[in-house]
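# Inside the fold
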Amino acid sequence: MIELADVPQLHDPVMLAAFEGWNDAGEAASATIEHLARVWGAEPFAALDPEDYYDFQVNRPTVGGDGGTRRITWPTTRLLAASVPSIGRDVVLVDGIEPSMRWRAYTIELLETAQRLGVTGIVTIGALLADVPHTRPIPITSTSEDPAMLDRLRVERSQYEGPTGIVGVLADAAQQAGLPGVSLWAAVPHYAGASPSPKATLALLRRVEELLDVTVPLDDLTELAQAWERGVDELAEGDSEVAEYVRTLEQAKDTTDLPEATGEAIAQEFERYLRRRGDGEPPRAGGPGTPQP
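Being a predicted model, the structure only gives us computed values, none of them experimental. (Residues numbered from 1 in each chain as written. Predicted model: local features only at pLDDT ≥ 70, side-chain atom pairs only at ≥ 80, totals over all residues. Heavy atoms only, no water.)

## Section: the confidence of the model for the protein chain
- Chain-level statistics for the protein chain give a pLDDT mean of 86 and a share of 85% at 70 or above.
- Confidence drops under pLDDT 50 across residues 279–293; counting only partners more than four residues distant or on other chains, this segment forms 12 contacts. (pLDDT = per-residue confidence, 0-100. Contact = heavy atoms within 4.5 Å.)

Following this line, the structure appears as structure tokens:
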């Protein structure tokens, strides 16, 4: 069991979890947790014993160091804590690698730890490869099996059937344990999924902002996302088959989503803009400063 002797006192914590591996197309999900840990100043306080859950021939330890001191770093799952005053609660971040074995014991250990920490909700984060164009907004699917979440948040019940990874297992176990949860999934273009996708990470972070009602500092992520898109543009331009495939995906996406700029989408983007300017509370619909149709 994880030792929690050094954990600070947490106030109404929410847990956010992502895992490297099968659920991490374009490294978008794990990069989301790493970004939140950095901008929120999260401090690690516990880790699962890697001997219990990892095959070291699949996830090998690494060796490195500086100043003449070399150390072995073992693959594991870390827990970090941060205080986020703007939402009036703390967060617990799970930064992990999908385990090689004993998945049920792994999820039980994580959820027992969440219970001991007083966690009141969990957000699991994943990314998958999909037939979507890189030139359009990255689709984010938000699902939950909790009736209260369905009513209160813009989420839906998952309709997926098929193989699942540790994100799906953890989300299901949390639901069975009575811990309210939401799953976020970014759809990463499969023809551009071999390298990190900051555009997908950016889309996930914006959805986290909406769920937690918080503004997350983005640093240079917007510029990295634009550079990623330009790089994939160059890839498509150099391969006529890829270029034609992208055009086909664009047409299918535009036909499905037209019009892209709905009133709700415009209002959400305007609200984000005001928050990042630090202007305080965004104007209410129909109030002063609200764009009119």
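What follows picks up the thread again.
## Looking at the nonpolar core
- The biggest cluster of nonpolar side chains holds 41 residues, and the ones touching the most others in it are Leu 16, Leu 36, Trp 40, Val 91, Leu 93 and Ile 125.
- Element by element, the count of residues in this core is highest for helix 6 (residues 198–212), at eight residues.
- Residues Met 15, Tyr 53, Tyr 54 and Leu 170 belong to the second largest nonpolar core, which totals 29 residues. (Core = buried A, V, L, I, M, F, W, Y, C linked by side-chain atoms within 4.5 Å. Buried < 20%, exposed > 50% of the residue type's maximum accessible area, 1.4 Å probe, protein only. Helix = DSSP H or I, 4+ residues; strand = E, 2+ residues; numbered from the N terminus.)

## Topic: unusual backbone geometry
- The phi dihedral of Asp 12 is positive, around 45°, even though this residue is not glycine.
- Following the sequence through the fold, Asp 12 ends up in the segment before strand 1 (14–20).
- Overall, the relative accessible area of 34% leaves Asp 12 in the partly exposed class.
- Residue Glu 27 is not a glycine yet carries a positive backbone phi of 55°.
- For Glu 27, a relative accessible area of 44% corresponds to the partly exposed category.

## Focus on the side chain of Asp 95
- Mapped onto the elements of the fold, Asp 95 is located in strand 6 (residues 89–97).
- Once residues within four sequence positions are removed from consideration, Asp 95 is found in contact with Ala 18, Ile 33, Glu 34, Thr 76, Thr 77, Arg 78 and Leu 80.

## Concerning the packing of helix 1 (residues 28–39) against helix 6
- Look at helix 1 against helix 6: their axes get within 9 Å of each other, and the N-to-C directions meet at 55°. Taken as axis vectors, helix 1 and helix 6 run oblique relative to one another. When the axes of helix 1 and helix 6 are compared, the crossing they make is right-handed. Along the contact surface, helix 1 presents Ala 28, Ala 29, Ala 31, Thr 32, His 35 and Leu 36, while helix 6 presents Ala 200, Thr 201, Leu 204, Leu 205 and Val 208.
- Along the lines of polarity and charge, the residues of the contact of helix 1 with helix 6 split into eight nonpolar, three polar and no charged. (Axes fitted to C-alpha atoms, helices over the stretch in contact; angles between N-to-C directions. Parallel < 35°, antiparallel > 145°, perpendicular 65-115°, else oblique. Left-handed = near helix turned anticlockwise from the far one by under 90°. Nonpolar A, V, L, I, M, F, W, Y, C, P; charged D, E, K, R; others polar.)

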